[in-house]
Amino acid sequence: MRVSVGSLARRYRWQIGLSLVLILLEGTGYLLAPLVIGLAVEDLLDSSSAGLAALAGLAIAIIVVSAIRCLYDARLYASMFGDVDTDGPMQGIVVPLISV
């Protein structure tokens, strides 16, 4: 049985959507980094550490979102591959997208 890209996209539409949201969040964090660095430098020149705390918070948020995205994408791609590989070594293997 052949699996088309469209059928995979329909079957995994919400999972792909979540993956895209995570990609956008990660990219937004990277785009905000220069702004927050500038604010941190200005605050340090004014003897304030508020900008440094914001920079640390942004860095932690980027790391957390990136880690979640990598783990989630790997499970999603493995699950999609399991649907495509109907005759190969992954036949019958179910990869859960969310594990408890």
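Check the entry above for the structure.
What comes next concerns the included structure. Note on numbering: residues in each chain are counted from 1, in written sequence order. For a predicted model such as this one, the threshold for reporting local features is a pLDDT of at least 70, and the threshold for listing and counting side-chain atom pairs is 80 or more; totals across whole chains, interfaces and linings nevertheless cover every residue. In computing side-chain properties, one takes all heavy atoms of the structure into account and sets aside hydrogens as well as water.

As for a nonpolar patch on the surface
1) Next: Patches draw on residues past 30% relative accessible area with no salt bridge. Two like charges within 9 Å are joined, as are two nonpolar side chains (Val, Leu, Ile, Met, Phe, Trp, Tyr) within 5 Å. Calculation of accessible area relied on Shrake-Rupley with a 1.4 Å probe; when residues are assessed, cover is drawn exclusively from the protein chains displayed. Salt bridges are defined by distance alone: a side-chain nitrogen of Lys or Arg within 4 Å of a carboxyl oxygen of Asp or Glu. A contiguous nonpolar surface patch, about 250 Å² in accessible area, is contributed by Leu18, Val21 and Leu25.
2) Next: Structurally, Val21 can be placed in helix 2 (residues 13-45). Helix and strand assignments come from DSSP, with helices taken as H or I runs of at least 4 residues and strands as E runs of at least 2, each series counted from the N terminus.

Examining the nonpolar core
1) Next: Membership of the largest hydrophobic core is limited to 7 residues, which are Leu8, Tyr12, Leu22, Val65, Tyr72, Leu76 and Met80.
2) Next: Among the elements that line this core, the one with the most residues is helix 3 (residues 50-84), at 4 residues.
3) Next: Leaving out residues up to four positions away in the same chain, Tyr12 has contacts with Leu76, Ser79, Met80 and Asp83. Nonpolar cores are built from buried Ala, Val, Leu, Ile, Met, Phe, Trp, Tyr and Cys residues. Side-chain atoms within 4.5 Å join them into one set. Only protein chains enter the calculation, and the probe is 1.4 Å; a residue is then buried if its accessible area is under 20% of its type maximum, exposed if over 50%, and partly exposed in between. Contacts are assigned to residue pairs that have any heavy atoms within 4.5 Å of one another.

Examining helix 2
1) Next: The span one expects for a helix is its residue count, reduced by one, times 1.5 Å. Along its 33 residues, helix 2 runs 48 Å from first to last C-alpha, staying within 8% of the 48 Å computed at 1.5 Å per residue.
2) Next: Throughout, bend refers to the angle between the axes fitted to the seven residues that end at a position and the seven residues that start at it. Of all the bends found along helix 2, the most pronounced is centred on Ala33 and spans about 35°, while Pro34, a proline, follows it within four residues.
3) Next: Buried residues of helix 2: Ser19, Leu22, Glu26, Gly29, Ala33, Val36 and Ala40, and no others.
4) Next: Following helix 2 by one or two positions, Ser47 has its phi on the positive side, about 60°.

Comments concerning the packing of helix 2 against helix 3
Helix-helix packing: each pair is described by the crossing angle between the helix axes and the interaxial distance.
1) Next: Relative orientation of the contacting elements helix 2 and helix 3 amounts to 160°, with a least axis distance of 8 Å. As far as their axial angle goes, helix 3 and helix 2 are roughly antiparallel. Seen along the crossing, helix 2 lies across helix 3 with a hand that is left-handed.
2) Next: Each residue is assigned to one class: nonpolar for Ala, Val, Leu, Ile, Met, Phe, Trp, Tyr, Cys and Pro, charged for Asp, Glu, Lys and Arg, and polar for all the others, Gly among them. Partitioned by chemical class, the residues of the contact of helix 2 with helix 3 number 23 nonpolar, 5 polar and 4 charged. For helices, the fitted line uses only the C-alpha atoms of the stretch in contact; every axis is such a line through C-alpha atoms, and the angle between N-to-C directions lies from 0 to 180 degrees. We call two directions roughly parallel when the angle between them is under 35 degrees, roughly antiparallel when it is over 145, roughly perpendicular when it lies between 65 and 115, and oblique otherwise. In this scheme, a crossing is called left-handed if the near helix is turned counterclockwise away from the far one by less than a right angle; it is called right-handed if the turn is clockwise.

Purely geometric stuff here, so don't read any function into it on its own.
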